[in-house]
Amino acid sequence: MNAPDLIVTHARLWSRGRSVTDADAFAVKDGRIVARGRAELLAERGPRTRVIDACGATVTPGLTDAHVHLLSWARGRAELDLHGATSAKDAAHRVGEFAAARPGAGTLVGRGWDANGWPEPPARALLDAVCPRRPVVLHSRDFHNVWLNSTALAAAGITRATVAPDGGVVHRDLGGEPTGWLQEHAAALAAPLEAASGDDGARLDDAIRALHALGVTGVHDFEGADAHRMLRRRAAGPGPRLRTLMHLPHARLDAAIAVGIESGLGDDAFRLGAVKLFADGTLGSRTAALLAPYDGTTGTGTELLSPAALRDTVGRAVEHGWSVAVHAIGDRAVRSALDAFEAVRDRLPGLALPPRIEHVQLLDPADAPRFAALGVAASMQPSHCVSDIALAERWWSSRREWTYPWRALHDAGARLVFGSDAPVEPPSVTAGLHAALARRPPGTTRAYVPSQAIDLDLALSAYTEGPARLAGSWPRTGTLDVGGVADFVVWNADLHGLEADGIAAAMPARTVLGGEVVHDAGGDVVRELVRGAGRHS
């Protein structure tokens, strides 16, 4: 072969769900892996060949975050962080400090509040007291609630006469006035207040670079037109980029059908994915739809689409060539989603991309085998399990053995794919790997339902092979196969030699996308030799 552009040596290669035993090196030319072997590959290097010595560390395919809201996360990194606020008053105090440090007339946006355990509900008066003149829009941690001040309510046109959309709640005081708390579909009433910032391009570029540093080379994105345009332009551009599977909001389905586009359109750099539907809400808001009431209550959550409407919409989408991704957290919502796919099961094999259910945080055991039988993937976020332990113990303790059921779904033959749901959770793959293996916060000892934990090979597969199959790019991506694209991560350790907490602390030393080093941590953990330059780094 012609001299390769890049050679990786002395690596513990991992691909296709297992450690590679017949090679510890590979060569890259023109963005693809062209050979795999051992030290003999070094004889092929030329004066411009870059050599990375992995020093015995693991090298995996590039990782994909299979559920992310990338533009929202990019924006959120510059906005007010309300995670950990202990009360509505505490959150309002943070708003006041943030507003004082950043004066202006534009909408103040914050994210991350969680009213579970607060002594008082979110109310507009608390925000009015600290920021009366500019609109304040505060997203909850699960992004299914918004808290507004009076200025924001007025700017959004929300009054006592406003009728909440189906599947939404406008909370009101005893006098019938909106309190500023909007839930589920009603949260969309505040969307116009968050006009796109002129800094979005730079924020998105910075966010992509941050994902590269986490070993992420691809995303499955769940946002709207702004994110679609920006990520499509970056997919093959000269700046920071990611391989992107772009999903379609439900509201855009009719327009897509009208112009004749379908799932799978595009290439490995940017491809159209599934249409996203919401079957229910979230655990944190107690709007996840359950078959039996939340423990100690009579409530069973909220169906954001009735079973009949979900069935009809899935049928319409599939008829016109669209795969479907259904947000379903509670066991009743999961069953409704599976029932909708069951109704069109004869058509599912003809789709360009497999259908999927997002989250699956609570599952009825009778439904576990249906995923494999229907070819429906389980797209899950391991970090949710660790973050939600207290909530799950409080509201789902009577059925805890089937919460965040990764092992049960795998054993039943389901395809697992993992992501972060950023900005709900940080997009850290190592945090996700740790959660999948340990089901507890790092540094603690008590695992939550350890019977549902999985091993490292299965967890890595859910960040590599699983997303690639759902994107229609397997095995060109998601492997270290000869002929495949050169997307890979050189880690700073042998991952299989680490305990779970060590995996949480592991870091990518190099991230390579299409043969280009897009992240280089430097340091002494991994030596890089550049032939002809006479230097080590």
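The text that follows walks through the structure, step by step, so that each part is easy to find.

Conventions used here
- Residues numbered from 1 in each chain as written.
- Predicted model: local features only at pLDDT ≥ 70, side-chain atom pairs only at ≥ 80, totals over all residues.
- Heavy atoms only, no water.
- Helix = DSSP H or I, 4+ residues; strand = E, 2+ residues; numbered from the N terminus.
- Buried < 20%, exposed > 50% of the residue type's maximum accessible area, 1.4 Å probe, protein only.
- Contact = heavy atoms within 4.5 Å.
- Areas by Shrake-Rupley, 256 points an atom, 1.4 Å probe, with all protein chains shown as cover.
- Lys, Arg positive; Asp, Glu negative; His and termini not counted.
- Charge placed at Lys NZ, Arg CZ, Asp CG, Glu CD.
- Core = buried A, V, L, I, M, F, W, Y, C linked by side-chain atoms within 4.5 Å.
- Axes fitted to C-alpha atoms, helices over the stretch in contact; angles between N-to-C directions.
- Parallel < 35°, antiparallel > 145°, perpendicular 65-115°, else oblique.
- Left-handed = near helix turned anticlockwise from the far one by under 90°.
- Nonpolar A, V, L, I, M, F, W, Y, C, P; charged D, E, K, R; others polar.
- Phe/Tyr/Trp six-rings, centres within 6.5 Å; stacked < 30°, edge-to-face > 60°.
- Lys NZ or Arg CZ within 6 Å of the ring centre and 35° of its normal.
- Polar contact = N/O pair within 3.5 Å; in protein donor to acceptor, adjacent residues only side chain to side chain.
- Expected span 1.5 Å × (residues − 1).
- Arc of directions from axis to C-beta.
- Pairing = 2+ DSSP bridges.

**Examining the overall build of the protein**
- Across its full length, the protein holds 17 helices and 26 strands.
- Referenced to the eigenvectors of the C-alpha coordinate spread, the extents of the protein come out at roughly 80 × 55 × 55 Å.
- A buried classification covers 56% of the 537 residues belonging to the protein.
- For the protein, the proportion of contacts with a sequence separation of at least 24, taken over those separated by at least 6, is 72%.
- Accessible area of the protein: about 20,600 Å², with a carbon and sulfur share of 51%.
- In the protein, 56 positive and 62 negative side-chain charges are present, and the distance between their average locations comes to 3 Å.

**Some details on the nonpolar core**
- The biggest cluster of nonpolar side chains holds 93 residues, and the ones touching the most others in it are Leu 70, Ile 357, Phe 371, Trp 396 and Phe 418.
- Among the elements that take part in this core, helix H9 (residues 331-342) stands out by supplying 6 residues, more than any other.
- Filtering out sequence-adjacent residues up to four positions away, Trp 396 remains in contact with Leu 283, Ala 288, Leu 290, Tyr 294, Asp 295, Ile 329, Gln 361, Leu 362, Leu 391, Thr 403 and Tyr 404.

**Considering the packing of helix H14 (residues 429-438) against helix H15 (residues 456-463)**
- Relative orientation of the contacting elements H14 and H15 amounts to 140 degrees, with a least axis distance of 9 Å. Between H14 and H15, the interaxial angle falls into the category oblique. Seen from above, H14 lies across H15 with right-handed handedness. Within the contact between the two elements, H14 uses Val 429, Gly 432, Leu 433, Ala 436 and Leu 437 and H15 uses Leu 456, Ala 459, Leu 460 and Tyr 463.
- Grouping the constituent residues of the contact of H14 with H15 by class yields 8 nonpolar, 1 polar and no charged.

**Things to note about the packing of aromatic side chains**
- Counted under the stated rule, the structure contains 7 aromatic pairs.
- Geometrically, the ring pair formed by Phe 26 and Phe 488 is edge-to-face, given 4.9 Å between the ring centres and 90 degrees between the ring planes. Linking Phe 26 in strand S4 (residues 25-29) with Phe 488 in strand S22 (residues 488-491), this pair joins segments that are 462 residues apart in sequence. The same class applies to Phe 26 as to Phe 488, namely buried.
- Pairing Trp 113 with Trp 147 gives two aromatic rings, centres 5.9 Å apart and planes at 75 degrees, and the pair type is edge-to-face. Highlighted residues: Trp 113 in strand S10 (residues 108-113) and Trp 147 in strand S12 (residues 145-148), separated in sequence by 34 residues.
- A residue is classified by how much of its surface remains accessible, and Trp 147, at 0% relative accessible area, is buried.
- Taken together, the ring pairs connect Trp 113, Trp 118 and Trp 147 into an aromatic cluster.
- Over the ring of Trp 73 we find Arg 77, and its NZ or CZ is 4.9 Å from the ring centre.

**Points about the side chain of His 359**
- Summarising the element assignment, His 359 is placed in strand S19 (residues 356-359).
- Within the structure, the side chain of His 359 is placed 2.6 Å from the side chain of Gln 381, a separation counted as a polar contact.
- When residues no more than four places from it in sequence are discounted, the contact partners of His 359 are His 67, His 327, Ala 328, Ile 329, Ser 379, Met 380, Gln 381, His 384 and Asp 421.

**Notes on helix H2 (residues 88-101)**
- Compared with an ideal rise of 1.5 Å per residue, which puts 14 residues at 20 Å, H2 spans 20 Å between its outermost C-alpha atoms and is within 8% of the ideal.
- What H2 keeps buried is the set Ala 88, Ala 91, Ala 92, Val 95, Gly 96, Phe 98 and Ala 99. Seen end-on, H2 carries its buried residues on one side only, within an arc spanning 170 degrees. Structural note: H2 exposes Lys 89, Glu 97, Ala 100 and Ala 101 on the side pointing more than 90 degrees away from its buried face.
- In this structure, the buried residues of H2 make contact with strand S9 (80-81), S10, helix H3 (124-130), strand S11 (136-140) and S12.

**Some remarks on the packing of helix H5 (residues 200-213) against helix H6 (residues 225-235)**
- At their nearest, the axes of H5 and H6 sit 11 Å apart, and the two run at 60 degrees to each other. Classified by the angle between their axes, H5 and H6 sit oblique to one another. Our pair here, H5 against H6, has a crossing hand that is right-handed. Of the residues in H6, those touching H5 at Asp 200, Gly 201, Leu 204, Asp 205 and Ile 208 are Met 230, Leu 231 and Arg 234.

**Concerning the sheet that holds strand S15 (residues 216-221)**
- Strands sit in the order S8-S15-S16-S17-S18-S19-S20-S21 across an open sheet of 8 strands; the sheet is parallel. The sheet is open, and its two edges are formed by strand S8 (63-68) and strand S21 (416-418), each paired on a single side. Strand-to-strand, the axes of this sheet are offset by a mean angle of 25 degrees, without reference to chain direction.
- With 3 bridges joining them, S19 and strand S20 (residues 377-380) adopt parallel strand pairing. Looking at the pairing, Arg 356 lines up with Ala 377 of S20.
- H15 rests against S8 and S21 of the sheet, and its axis sits at about 70 degrees to S21.

**Points about the sheet that holds strand S13 (residues 168-172)**
- Strand order in the open sheet made by the 6 strands is S9-S10-S11-S12-S14-S13, with mixed pairing throughout. Every interior strand has two partners, whereas the edge strands, S9 and S13, have only one.
- One ladder, built from 3 bridges, connects S12 with strand S14 (residues 178-184); its direction is antiparallel. Bridge pairing links Trp 147 to Trp 181 in S14.

By themselves, these observations are geometric and do not establish any function.
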